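Notes for the structure review
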Amino acid sequence: GIQVEQSPPDLILQEGANSTLRCNFSDSVNNLQWFHQNPWGQLINLFYIPSGTKQNGRLSATTVATERYSLLYISSSQTTDSGVYFCAGDLYNNNDMRFGAGTRLTVKP
Amino acid sequence: GAGVSQTPSNKVTEKGKYVELRCDPISGHTALYWYRQSLGQGPEFLIYFQGTGAADDSGLPNDRFFAVRPEGSVSTLKIQRTERGDSAVYLCASSLTQSTDTQYFGPGTRLTVL
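As the structure is a prediction and not an experimental result, all values here were calculated from the model.

1. Focus on the nonpolar core
Residues Phe 25, Trp 34 and Leu 72 of chain A are the most contacted members of the largest nonpolar core, which totals 22 residues. Mapped by element, the contributors of at least two residues to this core are strand E2 (10-14), strand E3 (19-25), strand E4 (30-37), strand E5 (43-48), strand E7 (59-64), strand E8 (69-74), strand E9 (83-90) and strand E11 (103-108) of chain A. Each residue touching Leu 72 of chain A, except ones within four places of it in the same chain, is listed here: Ser 19, Thr 20, Leu 21, Trp 34, Leu 46, Phe 47, Ser 60, Ala 61 and Tyr 85 of chain A. Among the nonpolar cores identified, the runner-up in size contains 20 residues, and Leu 21, Leu 46, Leu 60 and Val 113 of chain B belong to it.

Here it is in structure tokens:
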């Protein structure tokens, strides 16, 4: 199956800083999504982004499917952005979503 | 309710016992997924339902694990003869039709096998 690598594994930011999280896939994927897991364990879908660029407030994401990677940008970070960010995708629309190990983000006030 | 709900939120059981975990998806969502998340890792796919049928159960680790969705809404994940290695957070998600739609996750059930 596909392998999903996320980097960096851990990131510590000062409030107000910007950051870029990366997700690499070993093979072509479909239905790429980014999720945020808050400190209480709740997973929230941030973007469904199989290709192209989307923006939602301070967050934006870009997927370059031909090069098998996706980026998540966080601007003007806030303490509430803390948590773990996951990317996930499936192979050939088989609904077997593969998640990366996540990037643990800590935003300090 | 407005979101995906899961019960119980916590379950502690002894090795060898049988457990059932319940998921209530968002009303009208035909697709339902079960995942398992161990500490420090991303969710691991277990099974996917489209309506009442298990469209993909390739992620179930062995035949001790079974899931049903008899009426196309509520789903139950069943684990027989639990082992300590089954301890994890079990997550349920639903989407409107299939994985091309946004997946909405429940809060999870934390299973601890002593």
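After presenting the structure, the write-up continues.
2. Side note on the interface of chain B and chain A
Chain B puts 21 residues into the contact, and the matching count from chain A is 18 residues. The junction of chain B with chain A conceals about 1,500 Å² of combined surface from both sides, 50% of it contributed by carbon and sulfur atoms. At the boundary of chain B with chain A, the tally comes to 0 salt bridges. Scanning the region where chain B abuts chain A turns up 2 residue pairs in polar contact (both at pLDDT 80 or more). If you list the elements that add at least two residues to the side of chain B that touches chain A, you get strand E4 (31-37) and strand E5 (44-50) of chain B. Looking at the side of chain B that touches chain A, the element that brings in the most residues is E4 of chain B, giving 3 residues. In terms of residue class, the side of chain B that touches chain A is made up of 8 nonpolar, 11 polar and 2 charged.

3. A look at the sheet that holds strand E8 (residues 75-79) of chain B
Whenever strands of a sheet pair, they do so through backbone hydrogen bonds, lying parallel or antiparallel. Residue and element names in this part refer to chain B. Across the sheet, 4 strands lie side by side as E1-E3-E8-E7; this open sheet has antiparallel pairing. Every other strand in the sheet has two partners, leaving strand E1 (5-7) and strand E7 (65-68) as the edge strands with one partner each. Each adjacent strand pair in this sheet contributes to an overall mean axis angle of 15°, direction not counted. In this sheet, strand E3 (residues 19-24) lies alongside E1 in antiparallel orientation, the contact comprising 3 bridges. Across the sheet, the residue bridging to Gln 6 is Cys 23, located in E3.

4. Comments concerning the packing of aromatic side chains
We describe a pair of aromatic rings using the distance from one ring centre to the other and the angle between the two ring planes. Enumeration over the complete set of coordinates arrives at 9 aromatic pairs over all chains. Taking the centre distance of 6.2 Å and the plane angle of 75° together, the rings of Tyr 35 of chain B and Phe 45 of chain B count as edge-to-face. Highlighted residues: Tyr 35 of chain B in strand E4 and Phe 45 of chain B in strand E5, separated in sequence by 10 residues. Looking at Tyr 35 of chain B, the relative accessible area reads 0%, which means it is buried. You can call Phe 45 of chain B buried: its relative accessible area is 5%. Chaining the aromatic ring pairs together yields one cluster made of Phe 35, Phe 86 and Phe 99 of chain A together with Tyr 33, Tyr 35, Phe 45, Tyr 48 and Phe 105 of chain B. Lying over the aromatic face of Tyr 69 of chain A, Arg 22 of chain A brings its terminal NZ or CZ to 4.2 Å of the ring centre.

The rules we used
- Residues numbered from 1 in each chain as written.
- Chains lettered and ligands numbered in written order.
- Predicted model: local features only at pLDDT ≥ 70, side-chain atom pairs only at ≥ 80, totals over all residues.
- Heavy atoms only, no water.
- Core = buried A, V, L, I, M, F, W, Y, C linked by side-chain atoms within 4.5 Å.
- Buried < 20%, exposed > 50% of the residue type's maximum accessible area, 1.4 Å probe, protein only.
- Helix = DSSP H or I, 4+ residues; strand = E, 2+ residues; numbered from the N terminus.
- Contact = heavy atoms within 4.5 Å.
- Buried area = accessible area lost by both parts, 1.4 Å probe.
- Salt bridge = Lys/Arg side-chain N within 4 Å of Asp/Glu carboxyl O.
- Polar contact = N/O pair within 3.5 Å; in protein donor to acceptor, adjacent residues only side chain to side chain.
- Nonpolar A, V, L, I, M, F, W, Y, C, P; charged D, E, K, R; others polar.
- Pairing = 2+ DSSP bridges.
- Axes fitted to C-alpha atoms, helices over the stretch in contact; angles between N-to-C directions.
- Phe/Tyr/Trp six-rings, centres within 6.5 Å; stacked < 30°, edge-to-face > 60°.
- Lys NZ or Arg CZ within 6 Å of the ring centre and 35° of its normal.

The values reported here are purely geometric and, on their own, carry no functional implication.
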